[in-house]
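Each chain, written out:
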Amino acid sequence: MGANEFVNKPHIGESVRRVEDARFITGQGNYVDDIVEAGQKYAAFVRSTYPHARLTGVDTSAAEEMPGVIRIFTGKDIAGKCGGLPAGWMIVQVDGAPMKEPQRPFLAIDKVRYVGEPVAMVVADTKEQAQNAIESVMVDYDPLDPVIDVHKAANGPALHAEAPDNRCYKWGIGDKAGVDAAFTKAAHITKIDLINNRMIPNAMEPRAANATFSRATGESTLYTTSQNPHLVRLLMCANILQIPETKLRVVAPDVGGGFGSKINVYPEDVGVVWASRALNCPVKWTAERSESFLSDTHGRDHHTHAEMAMDKDGHFLALRVHSDVNLGAYLATFGPAVPTYMYATLLAGQYKTPQLYAEVDAWFTNTAPVDAYRGAGRPEASYVVERIVTRCGWELGLSQDEIRRRNFITEYPYQTPVAMQYDTGDWPKCLDEANKLAEVDSFDQRRKASEAKGLRRGIGYSSYVEACGMGPSRIVGQLGARAGLYESGEVRVNPTGSVTVFTGTHSHGQGHETAFAQLVAARLGVAIENVEVVHGDTNRIPFGMGTYGSRSLAVGGGAIMKALDKIEEKAKKIAAHLLEASDADIEFENGQLTVKGTDKKISFGEVALAAYVPHNYPLEKLEPGLDETAFFDPPNFTFPGGTYICEVEIDPATGVVTIDRFTCVDDFGVIVNPMLVDGQVHGGVMQGIGQALLEEGVYDQETGQLLTGSFMDYTMPRAINLPNFRIGTVCTPCTSNPIGSKGAGEAGAIGAPPAVINAVLDALKPLGVNDIDMPATPFHVWTAIHNAKA
Amino acid sequence: MKLEITVNGRAVSADVPPNTLLSAFIRDHLRLTGTHRGCDTSQCGACTVIANGRSMKSCSVVVGQMQGAAITTIEGLAGKDGELHPMQAAFKECHGLQCGFCTPGMIMSSVDLLTHHPHATKAEICELLEGNICRCTGYENIVKAVQTAQKKMSA
């Protein structure tokens, strides 16, 4: 079934209230830390206090004598007995050589490379005993100078023998010679230097893992806070533990937010499985928040120089971008892919830029591994594009609206110079709608009113495009992905007509249990409350890739739609038999199967029962049962896009930035549940505002210690930071999946930061402030104003 | 110590070390796992319960301080027949939650907020939720939920 037909089905476009809320609002959720097994033991990790040091000895003897301690594992216990934590993507460098891919053991063996790296694992009877004992593990460090700043990485001490200059790869995309030639013809060149600040994801649920082991079957079960349990199982079995998949079940039950940080297979996941197999008992670990800060993957951390070549009228001719990116101490699961294929392929933005070349130097530093954080590469791209586009306008005396309008892509499909082919969109319309919703017409009056109070007011635009629903597998495989990027869905119609949906995607806040139930209700005419969505358990769901990259509805929903096609087709055959008609004459609408042009009909529930009680059934040509699985490998990425307009008021005396209104007009294609989509936009935008105004992960340049290691030091957005949202949508259905959906999970975090900073700069331009880095905290804003005066 | 405490209307007596955190007592001893631990610094508010009529971050007190106290956790908020508290209903109606992890603490704080500030304005609600962090919702629908419950509770 295609998007055009599907969009008119019942429940599609309806803000159905969430099925999953019933357990969450009553305290009945089931998160990993809530699970306690019979005979439960607890793990705690000794973590490196040095950013860079040789490990000369780990003395566990005193700790082993502590009360309740069962066993202490160190790097020596695992050396040579298991594989390292693998990277999920191989990047080929500009010279054709593979990226440098150092080993990452789950406990440090001979060296530590970031503060917080696990050095030893204590297992004890209680959590307190395990935590007390880690204090008594004596670790001998031979400290080395740390590398913290990416600009100093090339000449710093090597983290890994495999990468003597600390460079993991130099990678490029686009036509370098074509860009150079275009620049020679430019009437105007705009240049910009940007830092995309390091983010710490901080899902509210700290990571946790609890492993059980059955000696009888040799099977481990790992409960873990994961966005993709099958990927955890695959990597842990194939690469790390080297056991068959049949011997590991991975369950990600209710998970309290992910934002990319729970995609990874983490050392602690491996640790508890290893310990439970060695000790034949359940072993559980739950992160303290301080451990989350130190050891969860961080996000962003790009240093970029970009140049735009234009003709005299402000039409873009070519964009040249160079980024130094911080990968942290080791390659995380998607670490190498985020600053390459997830980033530079979006640098064309919404614009006709005929020539584009981007080059990325990716560096190892003595900081926590960097991986996906909401948006993963696309926020870094939109920040480059939308900051430089606004600056191009200002330098040429064009409004932020006009410089965009002059360069918009208006015909689709559109092939960019950096691999992507946008299927659909209507970006001028998004801009028009946003201008209306933001009341840009009366902005000047508001600016004057602010100025009368001694305040500065500014407006900032961001017309972002991003890429979701990654695929097809064949192409991403050529680009270095080591996994497929399809999704699976099983629709099991039960004998009495209720439906169980099994999906390979994972919900950790998105509301799949509701949205996927809407798909089934729309197609089969079953009541939403009679549809149950199962996810997160590798023993129950078909193999799938989990949830990241805003892929669940577009790709996971696509698989469910294909399974529903099969269900409908089989149901029609059963109905044809029962109604004594031909298959082709059966119509399926609103839960009724009707013989075309007659009043002969049968309900879907009766068909389901007949499938399982096949007394009157065409057994000679049709199998009993009504249970279908489908895999969907999307033919292209999806391309959500839109325009965000941020309006700020700044008190120059204090540097405090207040967001007066934040307007979002997004094109997410077909929307199944607008309430869920608005919720995603609110949350994503708030994270973007957090990045622009509040948040930054900071390491001390000398000591390599994380200075922002708690909620006392790292500023999370709170309710007082709530902007006045104005939200609208435009719909051009996506052509790459049966729903027509583009994905909404990350757009807010992708589109918001440049809108905020462009607004801040618009407000401060009259004071002579031309640049400011994120986060634009009161201190940074006040300093910028002060320095401009000087 | 011999702790005598009332939790969700039920008298509980337990032999626990007096330095046990209230959050640990609730989760680990009573197995009321709706009260969540989200940080080590009393910042996130996921562990908020109502103790003797006021909201309290249960990670910031030890049971030695709580002798004789009456505690309500998220599990005790709905009526005996399972009827949702207006705040719970409003969080669902307004989509005031996503991953659900901050939700119990957010709901308990919001109940306390309206108990003591029944006429709070939107700006005051935002200020009074300062002690609870949510990473999913951007707070928009949480604030709407509190305002919705406010209307219902004052009606």
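Preceding block: the structure.
A few points on the structure. Nothing here was measured: the structure is a model prediction, and the numbers come from that model.

Notes on the packing of helix 2 (residues 86-93) of chain B against helix 3 (residues 103-116) of chain B
All names here are of chain B. Running from N to C, helix 2 and helix 3 point in directions that differ by 125°, and their axes come no closer than 10 Å. Taken together, the axes of helix 2 and helix 3 are oblique relative to one another. Where helix 2 crosses over helix 3, the handedness of that crossing is right-handed. Contact with helix 2, carried on its side by Met87, Gln88 and Phe91, involves Thr103, Met106, Ile107, Ser110, Val111 and Leu114 of helix 3 and no other residues of that element. Split by residue class, the contact of helix 2 with helix 3 holds 6 nonpolar, 3 polar and no charged.

Notes on the interface of chain A and chain B
With 51 residues of chain A at the contact, the number on the chain B side is 44 residues. If you sort the residues of chain A by the area they bury against chain B, Ile25, Met204 and Arg718 of chain A come out on top, with a joint share of 19%. Arginine 135 of chain B is the salt-bridge partner of glutamate 695 of chain A, the closest N and O atoms lying 2.8 Å from each other. If you look at where chain A meets chain B, you find 22 residue pairs in polar contact (both at pLDDT 80 or more). Mapped onto the side of chain A that touches chain B, the elements with two or more residues apiece are helix 2 (21-24), helix 9 (289-295) and helix 18 (674-694) of chain A. It is helix 18 of chain A that contributes the most residues to the side of chain A that touches chain B, 8 residues altogether. Here the residues of the side of chain A that touches chain B are counted per class, giving 24 nonpolar, 16 polar and 11 charged.

A short note on a nonpolar patch on the surface
All names here are of chain A. On the surface, Leu609, Tyr612 and Val613 cluster together to form a nonpolar patch covering roughly 230 Å² of accessible area. Turning to its location among the elements, valine 613 is positioned in the loop between helix 17 (604-612) and strand 25 (627-632). Of the residues examined, valine 613 reaches a relative accessible area of 38% and is grouped as partly exposed.

Digging into the pairing of strand 12 (residues 283-286) of chain A
Residue and element names in this part refer to chain A. Alternating residues of strand 12 divide into Val283 and Trp285 and Lys284 and Thr286, and every residue in both groups is buried. Bridge count between strand 9 (residues 208-214) and strand 12: 4 bridges; the pairing is antiparallel. Within strand 12, the position partnered with asparagine 210 by the bridge is lysine 284.

Notes on helix 6 (residues 176-184) of chain A
All names here are of chain A. Along helix 6, the residues classified as buried are Gly178, Val179, Ala182 and Phe183. For helix 6, the arc enclosing every buried residue in end-on projection is 135°, short of the 170-degree limit, so these residues lie on one face. Opposite its buried face, helix 6 presents the exposed residues Ala177 and Thr184, each directed more than 90 degrees away. Residue aspartate 175 occupies the N-cap position of helix 6, its side-chain oxygen lying 3.2 Å from the main-chain nitrogen of alanine 177.

Brief notes about the sheet that holds strand 2 (residues 53-59) of chain A
Residue and element names in this part refer to chain A. Here we have 3 strands laid out as an open sheet, ordered 4-2-6, and antiparallel in their pairing. Two strands in the sheet have a free side with no partner beyond their single neighbour: strand 4 (111-112) and strand 6 (138-143). Relative to strand 6, strand 2 runs antiparallel, the two sharing 6 bridges. If you follow glycine 57 over to strand 6, its bridge partner there is aspartate 140.

Section: unusual backbone geometry
All names here are of chain A. A cis geometry characterises the amide bond from glycine 471 onward to proline 472, with omega recorded as 0°. Counting through the fold element by element, proline 472 comes out in the loop between strand 18 (456-465) and helix 14 (473-478). Cis geometry is adopted by the peptide bond preceding proline 775, which originates at methionine 774 and carries an omega value of -5°. The backbone of asparagine 280 shows a phi angle near 55°, a positive value even though the residue is not glycine. Structurally, asparagine 280 is set in the loop between helix 8 (267-279) and strand 12. A relative accessible area of 29% places asparagine 280 in the partly exposed class. The phi dihedral of serine 550 is positive, around 50°, even though this residue is not glycine.

Points about the pattern of salt bridges
All names here are of chain A. Within the structure shown, the criterion is met by 59 salt bridges over all chains. Aspartate 142 is the partner of arginine 54 in a salt bridge, and the nearest nitrogen-oxygen pair spans 3.5 Å. In this pair, arginine 54 sits in strand 2 while aspartate 142 sits in strand 6, placing the two residues 88 residues apart along the sequence. Using a relative accessible area of 43% as the deciding quantity, one classes arginine 54 as partly exposed. Close ionic contact of lysine 436 with glutamate 433 constitutes a salt bridge, the shortest N to O distance being 3.4 Å. Of the two residues, lysine 436 and glutamate 433 both sit in helix 12 (residues 427-437), 3 residues apart, roughly one turn of that helix.

Analysis parameters
Residues numbered from 1 in each chain as written. Chains lettered and ligands numbered in written order. Predicted model: local features only at pLDDT ≥ 70, side-chain atom pairs only at ≥ 80, totals over all residues. Heavy atoms only, no water. Axes fitted to C-alpha atoms, helices over the stretch in contact; angles between N-to-C directions. Helix = DSSP H or I, 4+ residues; strand = E, 2+ residues; numbered from the N terminus. Parallel < 35°, antiparallel > 145°, perpendicular 65-115°, else oblique. Left-handed = near helix turned anticlockwise from the far one by under 90°. Contact = heavy atoms within 4.5 Å. Nonpolar A, V, L, I, M, F, W, Y, C, P; charged D, E, K, R; others polar. Buried area = accessible area lost by both parts, 1.4 Å probe. Salt bridge = Lys/Arg side-chain N within 4 Å of Asp/Glu carboxyl O. Polar contact = N/O pair within 3.5 Å; in protein donor to acceptor, adjacent residues only side chain to side chain. Patch = residues over 30% accessible without salt bridge, like charges linked within 9 Å, V, L, I, M, F, W, Y side chains within 5 Å. Areas by Shrake-Rupley, 256 points an atom, 1.4 Å probe, with all protein chains shown as cover. Buried < 20%, exposed > 50% of the residue type's maximum accessible area, 1.4 Å probe, protein only. Pairing = 2+ DSSP bridges. Arc of directions from axis to C-beta.

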